[in-house]
Amino acid sequence: YVPDFRMSNPWVTQEFTLTDTLAQRSGLYEKWGQDLSTLGYTRSETIHALRYAEPVTSFRSAYRYQNIFFNVAAAAVENTSGMSFEQNLKKRVFTPLAMKSASSRYEEFRAEPDHVSLHMVGELPNGTVVPVVIDPVWRFNTIPDALGPAGAINGNVKDMAAWTIFQLGDGTWEGRRLISPENMAYMHAPQTPMTDESSADSRQYYAQGWIYQEMNGTPPVVKHTGETLGNHAYILMVPRENLGIVVLANEAGIGLNEDVGDTFYRMYFGTYRPD
C-alpha cells in the first residue's frame, strides 16, 4: 500500500500491518521524528525517514505514542482511493455526518469567520495564559498540516458531537452504512497495553486511534485527547451506556478538558467525590 515505507529492520518492514500503524507499538521512542514536521518536512519525507530510526524496544512489545505512523496509514488510504486524505475526509466523513464546519487544513481554519483565537500557557510566572502569535517566518501551522492524519481536524462542538454519536453507533448514519459493525468494534478494541499509563484498577490499552480504558466498578471507556499549538480536545465515550462527552478548549498545555470530562463521567455513575 505504501511502497516507500521501510523500517530499519527488514523483518519488521515485512511484518508491519495497517493495524500496527495505528496501534502505537512500532518499537521507536516516543513521538519519534515529530520535529521533522516542525522543520517543514512533508508527509512523504517523514515516512521515508522512518528507515533511519533505531528502535528502543522490540516490535509490538511496548506502547510508545507516535504521530508519523498516521501519515503512513493516510498514504495507504490515498494510494488505494486515488484521492488525497483530505478529500477522503470530506467525502467519507464530513459530508455524510453533516459536519458542516469541519475542515482539515490550517488555512481553512483561518478562513472561517467565526474561528477561535488560540492560546497557550506562557513562560511568565503563575502559568499566565497568552495568545499564540503567528510568526510570519516560523509558521506553527506546518505541524498540523504535515501531521494532519494524526488528528488535525478543525471543527466546532456540533461537528464533534456528530462524530461521537456516529462512533457510538453500529457504523450507520441516518440509514446509510459508512463502516461495518465489525470494523467499528475493531477500531475500539484493545491492541497494545499501555503499561506506563495503567494501574491495577484502571488498565489502559491503545486501540486504533483510540484508547480503551477499563474502570474500577464502572463501565469501560473509549477516549482520546488531541492538541496542536493553541487548542486542546478530549472525547470520552461509554459505549455500554451510549454516552459521549466532548470537551473543547482554545488553549494548549492544560488538563482542564480531561478534568471536566472525567468529572462528568463520575457524576453520571454516581462516583464523584468533590475534594
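Model, not experiment: these values are computed from the prediction.

Some words on the pairing of strand β9 (residues 231–238)
The buried count for β9 comes to six of eight residues, which makes it a mostly enclosed element. By the bridge criterion, seven bridges tie strand β8 (residues 221–228) to β9 in an arrangement that is antiparallel. In the sheet register, K223 faces β9, and the bridge partner there is L236. Linkage of β8 to β9, two consecutive antiparallel strands, is achieved through a turn of two residues, within which G230 is found at a positive phi near 120 degrees. One ladder, built from seven bridges, connects β9 with strand β10 (residues 243–249); its direction is antiparallel. Across the sheet, residue Y234 finds its bridge partner in β10, namely V247.

Digging into helix α11 (residues 256–268)
Across its 13 residues, α11 extends 18 Å between first and last C-alpha, which sits within 8% of the 18 Å expected from 1.5 Å per residue. Its buried side turned inward, α11 meets β8, β9 and β10. Backbone geometry just downstream of α11 places G270 in the positive-phi region, at approximately 75 degrees.

Section: the nonpolar core
In terms of nonpolar packing, the biggest core is built from 20 residues, with V93, F94, L97, M99, W210 and M237 touching the most fellow members. With four residues, the top contributor of residues to this core is helix α6 (residues 85–94). Setting aside residues up to four positions removed in sequence, M237 forms contacts with T164, Q167, L168, H188, W210, P220, V221, V222, L243 and G244. Counting 18 residues, the second-largest nonpolar core is a separate cluster that includes M7, F69, V72 and A75.

Describing the environment of G230
Within the fold, G230 resides in the loop between β8 and β9. Accessibility expressed as a relative area gives 0% for G230, which makes it buried. Sequence separation between G230 and Y265 is 35 residues, and the spatial gap between their C-alpha atoms is 26 Å. Apart from the residues within four sequence positions on either side, G230 is in contact with L118, H119, V132, N250, E251 and A252.

Definitions and limits used
Residues numbered from 1 in each chain as written. Predicted model: local features only at pLDDT ≥ 70, side-chain atom pairs only at ≥ 80, totals over all residues. Heavy atoms only, no water. Buried < 20%, exposed > 50% of the residue type's maximum accessible area, 1.4 Å probe, protein only. Helix = DSSP H or I, 4+ residues; strand = E, 2+ residues; numbered from the N terminus. Pairing = 2+ DSSP bridges. Expected span 1.5 Å × (residues − 1). Contact = heavy atoms within 4.5 Å. Core = buried A, V, L, I, M, F, W, Y, C linked by side-chain atoms within 4.5 Å.

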